[in-house]
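# Coordinate inspection notes
So you can see what is in the structure, the chains are spelled out below.
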Amino acid sequence: MAPSLAVAAPPPVLKPSANALVAPAVEPARTSTSSAGHDYKGFVAGVFSGVAKLTVGHPFDTVKVRLQTTDSSRFRGPLECAMQTLRNEGVRGLYKGATPPLLGWMFMDSIMMGSLNVYRRLLSDRVYGVDKAALPSSGHGIAGMMAGATVSFIAAPVEHIKARLQIQYAAKKADRRYSGPLDCLSRIYKHHGVQGVFHGLSATLVFRAFFFFWWSSYNVISNAMRRHTAMSTPAINFWAGGLSAQVYWLTCYPSDVVKQRIMTDPLGGGLGDGQRRFPRWKDAARTIYQEQGIKGYWRGFLPCFLRAFPANAMALLVWEAVFRSLPG
């Protein structure tokens, strides 16, 4: 007799009970459009924006510093300051002290813009949990503050040397205290060491904390222009860069006046440049008010405000264009 073929019954389907624990579905990890591999682009583009900023802005800066560090008996306003400088020292007088910031701005803008780009990415990934393109204005502002603090450690000695060179009014080199940036740097270091070179660092950190308003407003203005105008991306970069820089200077200018007073204050000792007046930030702030009142905090504001738009508009236009053109 042939054996019978038995068909195995299918295994029973087990239905989970109401109390059973069900593993949650695993959501795919969010992939950010920003990448650490692209961070180099911000640093490289910053070199070019630094050159653009100095070329356009340094003459305005010289007039600003001279007005900030003198009283009204020497210059009645920015136009008289500029005309006297041209008459007595020529065009080169407006670019006096340009060598340290030329090298400095290339390096500083590289660090500032590069670190800004990195902080934007880190905040969008780690704090806000969004793609960098969707980072809110507050995130851009915080990234700006962090970038400002980072670059201050480079900016403080560069701006210190620049300020001391800018307030040398003698047309002949032989009549000046410092023959140039290297002479100024070496003499300050010889008599006051690293601390003397970094004189004004705390005031620089205060001043650059206002980067919050620059970079948050840059994002606000850029987004508004994209929504409400048909301007090209470079045009938006230009206008948003210039306008946001003016917002920045409207908020930070008094702290810049205090910073310049501190940086041009005599260091004393072996330099033989006089007696130090401002051992602390509040001493400089108080003296400005006692000498000139509230108006003292805004002395030199006009050339600074006029400089802010073209210098920073061009710098942001160049930075964004170079950033987009780099591979990665």
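Residues numbered from 1 in each chain as written. Predicted model: local features only at pLDDT ≥ 70, side-chain atom pairs only at ≥ 80, totals over all residues. Heavy atoms only, no water.

## Quick look at the overall build of the protein
When helices and strands are tallied, the protein shows 11 helices and 0 strands. Along the protein, helices (α) and strands (β) appear in the sequence α-α-α-α-α-α-α-α-α-α-α when read from the amino end. Expressed as a percentage of its 328 residues, the buried residues of the protein come to 48%. Of the contacts formed within the protein by residues at least 6 apart in sequence, a portion of 78% connects residues at least 24 apart. With the model as given, the accessible surface of the protein reaches about 16,800 Å², and the carbon-plus-sulfur share is 65%. (Helix = DSSP H or I, 4+ residues; strand = E, 2+ residues; numbered from the N terminus. Buried < 20%, exposed > 50% of the residue type's maximum accessible area, 1.4 Å probe, protein only. Contact = heavy atoms within 4.5 Å. Areas by Shrake-Rupley, 256 points an atom, 1.4 Å probe, with all protein chains shown as cover.)

## Overview of helix H11 (residues 301-325)
With 25 residues, H11 should cover 36 Å at 1.5 Å per step; its first-to-last C-alpha distance of 36 Å lies within 8% of that length. Along H11, the sharpest change in direction is near 30 degrees and occurs at Ala308; proline Pro310 comes one to four residues later. (Expected span 1.5 Å × (residues − 1). Bend = angle between axes of the 7 residues up to and from the residue.)

## Observations concerning the packing of aromatic side chains
Counted under the stated rule, the structure contains 20 aromatic pairs. Centre to centre, the rings of Phe238 and Trp239 are 5.9 Å apart; their planes meet at 85 degrees, and the pair counts as edge-to-face. Its relative accessible area of 39% is what places Trp239 among the partly exposed residues. In textbook terms, an aromatic cluster arises when at least three aromatic residues are bridged by ring pairs, as seen for Phe207, Phe211, Trp214, Trp215, Tyr218, Tyr248, Trp249, Tyr253, Trp298, Phe301 and Phe305. The lysine or arginine in question, Lys41, covers the ring of Phe323, its NZ or CZ lying 4.7 Å from the ring centre. Note that Lys259 overlies the ring of Phe207, its terminal NZ or CZ placed 4.9 Å from the centroid. (Phe/Tyr/Trp six-rings, centres within 6.5 Å; stacked < 30°, edge-to-face > 60°. Lys NZ or Arg CZ within 6 Å of the ring centre and 35° of its normal.)

## Remarks on helix H10 (residues 281-292)
Compared with an ideal rise of 1.5 Å per residue, which puts 12 residues at 16 Å, H10 spans 17 Å between its outermost C-alpha atoms and is within 8% of the ideal. In this structure, the buried residues of H10 make contact with helix H9 (233-263). Following H10 by one or two positions, Gly293 has its phi on the positive side, about 70 degrees.

## A look at the nonpolar core
Membership of the largest hydrophobic core comes to 48 residues, with the highest contact counts inside it found for Trp214, Trp215 and Trp249. Sequence-distant contacts of Trp249, defined by excluding residues within four places in its chain, comprise Phe207, Asp256, Trp298, Phe301, Cys304, Arg307 and Ala308. Ranked by size, the runner-up nonpolar core spans 8 residues in total, among them Ile161, Cys184, Leu267 and Leu271. (Core = buried A, V, L, I, M, F, W, Y, C linked by side-chain atoms within 4.5 Å.)

## Overview of the pattern of salt bridges
Taken as a whole and judged by the stated rule, the model has 16 salt bridges. The partner of Lys64 in a salt bridge is Asp256, and the shortest N-O contact between them spans 2.9 Å. Placement of the pair is Lys64 in helix H1 (residues 40-68) and Asp256 in helix H9, with a sequence separation of 192 residues. Lys64 gets classed as buried once you look at its relative accessible area, which sits at 2%. On the accessibility criterion, Asp256 (1% relative accessible area) is buried. In this structure, the salt-bridge partner of Glu291 is Arg261, at a minimum N-O distance of 3.4 Å. One end of the pair, Glu291, is in helix H10; the other, Arg261, is in helix H9, with 30 residues separating them in the sequence. (Salt bridge = Lys/Arg side-chain N within 4 Å of Asp/Glu carboxyl O.)

## With respect to empty space enclosed by the protein
Scanning the model with the defined rule gives 1 cavity of 30 Å³ or more in all. Along the wall of the largest cavity there are 23 residues; nearest its centre are Trp105, Glu159, Arg208, Trp249 and Arg307. Residues of the lining of the largest cavity, tallied by class, amount to 10 nonpolar, 4 polar and 9 charged. (1 Å grid on protein atoms, 1.4 Å probe; cavity = no way out; pocket = protein on both sides within 12 Å on 5 of 7 lines; lining within 4 Å. Points joined across faces, edges and corners; volume = space filled by probe spheres on them. Nonpolar A, V, L, I, M, F, W, Y, C, P; charged D, E, K, R; others polar.)

## Quick notes on the packing of helix H5 (residues 137-166) against H9
Two elements in contact, H5 and H9, have axes whose closest approach is 9 Å; the angle formed by their N-to-C orientations is 70 degrees. Looking at the two axes, H5 sits roughly perpendicular to H9. Here H5 contributes Ala156, Glu159, His160, Ala163 and Arg164 to the contact with H9, which in turn contributes Lys259, Gln260 and Met263. Looking at the contact of H5 with H9 residue by residue, the classes come out as 3 nonpolar, 2 polar and 3 charged. (Axes fitted to C-alpha atoms, helices over the stretch in contact; angles between N-to-C directions. Parallel < 35°, antiparallel > 145°, perpendicular 65-115°, else oblique.)

## Here we look at the confidence of the model for the protein
A residue-level look at the protein finds 88% of positions with pLDDT of 70 or above and a mean pLDDT of 87. Least confident of the elements in the protein is helix H3 (residues 91-94), whose mean pLDDT is 85; most confident is helix H8 (residues 211-228), at 98. With pLDDT under 50 throughout, residues 1-7 is counted as low confidence; its partners more than four residues away or in other chains account for 0 contacts. Within the model, the stretch residues 16-33 combines pLDDT values under 50 with 11 contacts to residues more than four positions away or in other chains. (pLDDT = per-residue confidence, 0-100.)

## A look at the packing of helix H7 (residues 201-208) against H9
Interhelical geometry of H7 versus H9 gives an angle of 175 degrees and a closest axis separation of 8 Å. Here H7 is positioned roughly antiparallel relative to H9, judged by the angle of their axes. Judged by residue contacts, Ala203, Thr204, Val206, Phe207 and Arg208 of H7 engage Tyr248, Trp249, Cys252, Ser255, Asp256, Lys259, Ile262 and Met263 from H9. Split into classes, the residues belonging to the contact of H7 with H9 amount to 8 nonpolar, 2 polar and 3 charged.

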